[in-house]
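Next come the chains, spelled out residue by residue.
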Amino acid sequence: MRYAYVQPFVDSAQRILAEAVPGRIVAGDLRLSSAALPSRGVTAIVGVTGEGEGRVLFDMDRETALRIASAMNGEPFHELDQLAKDTLCELAGMMTGKAVSALNDGGHRLRVTPPTLFTGENVSISGGELEALVVPLETPFGEIAVNVAIATC
Amino acid sequence: MKSGGRRPVAKTLRSFSFLVVDDSEFARRNMEKMLVAIGGQAAGFASNGREAIRQYKSLQPDIVLMDITMPEMEGIEAVEGILAEDQLAKIVMVSSMSYQDMVKRALASGAKHFLAKPVKREQVASIVEFVLGES
């Protein structure tokens, strides 16, 4: 795991969330995770390719996901319908896009895949052989875990 | 290819038509809200580059707001396709991938401007005004 890859994703997620939802976004302590983690219910995943290979996950519970989708669309969502899911994918795309742009402007060569959203309580998140670095972001709508696992090729 | 005799009258923000191209429904709706709020009228929407070229030919909007990363055909290729049909087409790229090389590639393809996501209404207003005001 390249530690240099991690902070831009956390900074970018913090900045984009601050524009998307009202209130303060506070980053918690970074921790290393090599074991599979249970999903909180809603997980957006973005693949990273190029000089580094891996993925970035944004993991949250259903209530948090619905509140964020509602805030971003300016209308209440009570179900994770197609538009709500699409909104969360776009949010994940903006957070990773901004981070990868910052890394590439610093001399790295990374690309991202389109975001995909998984839902379900009984899903576990594994980085395969990759260790993941996880940073919780506390938002007024609930916590989002930013989980980064990227290895240098 | 057209010779470019269109648009003899300068557009104002009170009257312009737009085509929004993005594979995200949220992004299309969000951009539509901002453009309508500054006086635009939706000519159409597309979710990939190929559809964008087809829509552009039939709708002839005053301005196109184009995402880059999309399935089937990406935005930069679509810009080239649209400009091959109409060299006066006014296209603004809108993407979360905003590193320098990407911005340069987008502008080299013929896009008039580049907006980094997330976009704000004030930014959209000033860039649309600038692009539509170009001679």
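Structure's up top.
A brief structural summary.

Reading guide: rules and limits
- Residues numbered from 1 in each chain as written.
- Chains lettered and ligands numbered in written order.
- Predicted model: local features only at pLDDT ≥ 70, side-chain atom pairs only at ≥ 80, totals over all residues.
- Helix = DSSP H or I, 4+ residues; strand = E, 2+ residues; numbered from the N terminus.
- Buried ≥ 20, exposed ≤ 12 C-beta atoms within 10 Å, placed from the backbone.
- Contact = placed C-beta atoms within 7 Å.
- Pairing = 2+ DSSP bridges.
- Right-handed = clockwise from strand over helix to strand, strands pointing away.
- Axes fitted to C-alpha atoms, helices over the stretch in contact; angles between N-to-C directions.
- Parallel < 35°, antiparallel > 145°, perpendicular 65-115°, else oblique.

Some remarks on the environment of A:Thr49
Residue and element names in this part refer to chain A. Examined against the element boundaries, Thr 49 turns out to sit in strand 4 (residues 42-50). Residue class for Thr 49 comes out partly exposed when judged on the 15 C-beta atoms lying within 10 Å of it. Among all residues touching Thr 49, those that are not within four sequence positions of it are Arg 111 and Thr 113.

Section: the pairing of strand 5 (residues 113-116) of chain B
Residue and element names in this part refer to chain B. Pairing of strand 4 (residues 91-95) with strand 5, which is carried by four bridges, proceeds in the parallel orientation. Bridge pairing in strand 5 places Val 94 opposite Leu 115. With respect to chirality, the unit in which strand 4 leads through helix 4 (residues 100-108) into the neighbouring parallel strand 5 is right-handed.

Some thoughts on the packing of helix 3 (residues 82-105) of chain A against helix 1 (residues 25-37) of chain B
The relative placement of two packed helices comes down to the angle between their axes together with the axis-to-axis distance. At a minimum axis distance of 7 Å, the contact between helix 3 of chain A and helix 1 of chain B shows a crossing angle of 85°. With respect to helix 1 of chain B, the element helix 3 of chain A is oriented roughly perpendicular. Here A:Leu83, A:Asp86, A:Thr87 and A:Glu90 of helix 3 of chain A lie close against helix 1 of chain B, whose contacting residues are B:Glu25, B:Phe26 and B:Ala27.

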